[in-house]
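# Descriptive structure summary
So you can see what is in the structure, the chains are spelled out below.
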Amino acid sequence: MKTLKNKKTTLLLALTVITALLVQSFSFQQPQPKKLKNIKVFPATATYQEVDHAMDQFKVDLGVKCNYCHAPEKDNPRKMDMPSDANPKKEIARDMIRMTDEMNKKYIASIKHAEGDTTNIQLVTCNTCHRGAPKPFSKPLQAPPPSIGAKMLAPVGK
Ligand code: HEC
Ligand code: HEC
């Protein structure tokens, strides 16, 4: 009788261990989808994957690496802290996204194209201005229109 009870206990224990291992390996195979923590401009419905994809595009359009806009982790400077706003370029980038969005919605979208003319329909992207550089250009390529005022667009320090 006593040995039977012991056997039962052993079996129960073994089952518990196996279940625990199964649960653990399951959660290893199925990592929870990564959560976004500090999103202010992208739509609330955006997934981690979509944001990550947009980030790769920023990198190419501006010719920079992730650390151009993102700050390192406080206790591990070799890792990036993506949700942190400690790098001021990130806030500039937020305004750039708002600006680009507004240009498209307010001005580009209302352009009337001739019927059947789909070849040249495009939207403003970061690359429209940046062309692979963090600052689009260092000096005006041509004289700015007089109405804008030459002073405002003159190269800094001249
Ligand atoms: C031009 C600047 C810029 C570059 C370069 C950039 N990011 Fe971002 N990133 C941002 C901005 C701005 C946000 C916040 C967007 C918002 O508030 O809606 C952000 C948000 C994120 C988030 C979401 C963090 C969270 O949970 O709130 C991740 C992840 C991320 N970036 C990863 C990357 C990776 C990986 C790279 C390099 C491939 C990269 N970023 C390059 C500007 C940048
Ligand atoms: C209409 C043109 C235009 C578009 C579109 C545009 N930018 Fe910019 N961006 C500029 C100009 C001009 C500057 C430089 C301003 C300055 O510092 O004098 C700039 C500066 C920046 C800077 C700061 C660079 C630095 O080193 O200080 C970041 C970051 C940036 N843009 C990100 C973006 C991102 C991301 C997008 C797309 C979502 C974007 N920009 C779209 C014109 C544009």
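Please read these numbers as outputs of a predicted model, since none were measured by experiment.

Next up on the list: the overall build of the chain. When its secondary structure is counted, the chain shows 5 helices and 2 strands. Once local pairs closer than 6 in sequence are excluded, the contacts in the chain between residues at least 24 apart make up 38%.

Our focus in this paragraph is the site of ligand 2. The environment of ligand 2 is formed by 17 residues, the closest being M96, I97, C126, C129 and P134. The element that contributes the greatest number of residues to the shell around ligand 2 is helix α3 (residues 88-108), accounting for 6 residues. Partitioned by chemical class, the residues of the shell around ligand 2 number 12 nonpolar, 3 polar and 2 charged.

Looking now at unusual backbone geometry. For residues that are not glycine, phi is negative in most cases, and the peptide bond is trans in most cases. Despite not being glycine, R131 shows a phi value in the positive range, around 50°. By secondary structure assignment, the location of R131 is in the loop between α4 (126-130) and α5 (150-153).

With that out of the way, let us pick up the site of ligand 1. Residues in contact with ligand 1 amount to 25 residues; listed here are only the nearest, N38, V41, M55, C66 and C69. Within the residue set of the shell around ligand 1, elements represented by two or more residues are α2 (48-62) and α3. For the shell around ligand 1, the element with the most residues is α2, which contributes 7 residues.

Here α2 contains 15 residues, and its C-alpha end-to-end distance of 21 Å stays within 8% of the 21 Å for a straight helix at 1.5 Å per residue. Directly after α2, the chain includes G63, whose backbone phi takes a positive value near 60°.

Here we come to the confidence of the model for the chain. When pLDDT is averaged along the chain, the result is 83; 70% of the residues meet or exceed 70. Element-level mean pLDDT values for the chain span from 58 in α5 up to 98 in strand β1 (residues 71-72).

Criteria and cut-off values
- Residues numbered from 1 in each chain as written.
- Chains lettered and ligands numbered in written order.
- Predicted model: local features only at pLDDT ≥ 70, side-chain atom pairs only at ≥ 80, totals over all residues.
- Helix = DSSP H or I, 4+ residues; strand = E, 2+ residues; numbered from the N terminus.
- Contact = placed C-beta atoms within 7 Å.
- Near = placed C-beta within 6 Å.
- Nonpolar A, V, L, I, M, F, W, Y, C, P; charged D, E, K, R; others polar.
- Expected span 1.5 Å × (residues − 1).
- pLDDT = per-residue confidence, 0-100.

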